[in-house]
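Residue strings, one per chain:
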Amino acid sequence: MVKMPAEVRETLEKQKPVPIATASKDGIPNVVFVGMLKVLDDETIMIADNFFYKTAANLGENPQISILCYSSETKKSFQIKGKVEVHTTGPVHEEMLKWVHGINPKLPGKSTVMVKVDKIYNAMWGPAAGKQIA
Ligand SMILES: Cc1cc2nc3c(=O)[nH]c(=O)nc-3n(C[C@H](O)[C@H](O)[C@H](O)COP(=O)(O)O)c2cc1C
């Protein structure tokens, strides 16, 4: 696990929607946008699964996730790699439901995807592109 530096956290928190990539156990990639993504602390990101289909299937067989963010203001971009735990009951799931239903009570809140950050890479173009920063 690594801690997200402030610049990474700020870039991710300002981006909406956020592209997230998952893969099947055979390595078939899939990218979707999510709006309901929240940074809980420097190591942990919560994502609300309201409509995941291939994403849910992928996370059921492969816990790896890749999250991309970019700021046109700061010209910073990062790839955040992590592993997920998926919750459908319990306090973490209840917390997600409270958050999501505070925004829209009609959302299904099917499951809660908790990401623990493993690695972060610079994704801005230039000489440092692709370099691991944490
Ligand atoms: C702007 C935007 C925001 C979205 N936000 C979410 C979200 O927060 N949670 C969610 O479950 N799906 C969200 N979706 C739907 C997913 O992007 C996607 O359509 C869904 O997971 C089905 O694709 P899949 O079969 O690849 O998983 C959003 C879609 C768009 C276009």
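Calculation rules
Residues numbered from 1 in each chain as written. Predicted model: local features only at pLDDT ≥ 70, side-chain atom pairs only at ≥ 80, totals over all residues. Pairing = 2+ DSSP bridges. Helix = DSSP H or I, 4+ residues; strand = E, 2+ residues; numbered from the N terminus. Axes fitted to C-alpha atoms, helices over the stretch in contact; angles between N-to-C directions. Near = placed C-beta within 6 Å. Nonpolar A, V, L, I, M, F, W, Y, C, P; charged D, E, K, R; others polar. Buried ≥ 20, exposed ≤ 12 C-beta atoms within 10 Å, placed from the backbone. Arc of directions from axis to C-beta. Contact = placed C-beta atoms within 7 Å. Core = buried A, V, L, I, M, F, W, Y, C linked by C-beta atoms within 7 Å.

Visitor: Looking at this structure, I do not really get the sheet that holds strand E4 (residues 44-49). What am I missing?
Guide: In a beta sheet, neighbouring strands pair by backbone hydrogen bonds and run either parallel or antiparallel. Ordered by their spatial adjacency, 7 strands build an open sheet running E2-E1-E5-E6-E7-E4-E3, and the pairing between neighbours is antiparallel. At either margin of the open sheet sits one strand with a lone partner, and together these are strand E2 (29-34) and strand E3 (37-41). With direction set aside, neighbouring strand axes in the sheet form an average angle of 30 degrees. Of the pairings in the sheet, the one linking strand E6 (residues 76-87) to strand E7 (residues 111-122) comprises 10 bridges and is antiparallel in character. Bridge assignment links Ile80 to a residue of E7, and that residue is Ile120.

Visitor: Which parts of the structure should I look at to understand unusual backbone geometry?
Guide: Most peptide bonds take the trans configuration, and most residues that are not glycine carry a negative phi. Geometrically, the link from Lys16 to Pro17 is a cis peptide bond, its omega value of -5 degrees lying close to zero. Along the chain, the position of Pro17 falls in the loop between helix H1 (6-14) and strand E1 (18-23). Even without glycine at this site, Lys75 takes up a positive phi of about 60 degrees. Checked against the element boundaries, Lys75 lands in the loop between strand E5 (64-71) and E6.

Visitor: In this structure, what is going on with the site of the ligand? I would like to understand it.
Guide: Lining the immediate environment of the ligand, one finds 15 residues, of which Val32, Met36, Tyr53, Lys54 and Thr55 sit closest. Within the residue set of the shell around the ligand, elements represented by two or more residues are E2, E4 and helix H2 (54-61). A total of 4 residues in the shell around the ligand trace back to one element, the largest contributor, which is E2. For the shell around the ligand, a count of residues per class yields 9 nonpolar, 4 polar and 2 charged.

Visitor: I keep staring at H2 and nothing clicks. Help me out?
Guide: Structurally, the α-helix is built with 3.6 residues per turn, so residues lying three or four positions apart point the same way. Taken as a whole, H2 has its buried residues at Thr55, Asn58 and Leu59. Viewed end-on, H2 has its buried residues packed into an arc of 95 degrees, placing them on one side of the element. On its buried side, H2 packs onto E1, E2, E6 and E7.

Visitor: Just to check I follow, could you spell out the nonpolar core for this structure?
Guide: Generally speaking, soluble globular proteins have nonpolar side chains that are buried together. Ranked by internal contacts, the top residues of the largest apolar core, which has 23 residues, are Ile47, Ile80 and Val115. Those elements giving two or more residues to this core turn out to be H1, E1, E4, E5, E6, helix H3 (91-103) and E7.

Visitor: Sorry if this is basic, but what is going on with the pairing of E2 here?
Guide: On any regular strand, side chains alternate: one points to one face of the sheet, the next to the other face. Of all 6 residues that make up E2, 0 are buried, and the element is exposed over most of its length. In this structure, E1 lies alongside E2, joined through 6 bridges in antiparallel fashion. Directly across from Val18, in E2, lies its bridge partner Val34.

Visitor: Mind showing me how you'd approach the environment of Thr55 here?
Guide: When you line up the elements, Thr55 lands in helix H2. Placed 10 residues apart in sequence, Thr55 and Ile65 show a C-alpha to C-alpha distance of 9.8 Å. In this structure, Thr55 is in contact with Thr22, Asn30 and Val32, ignoring residues within four places of it in sequence.

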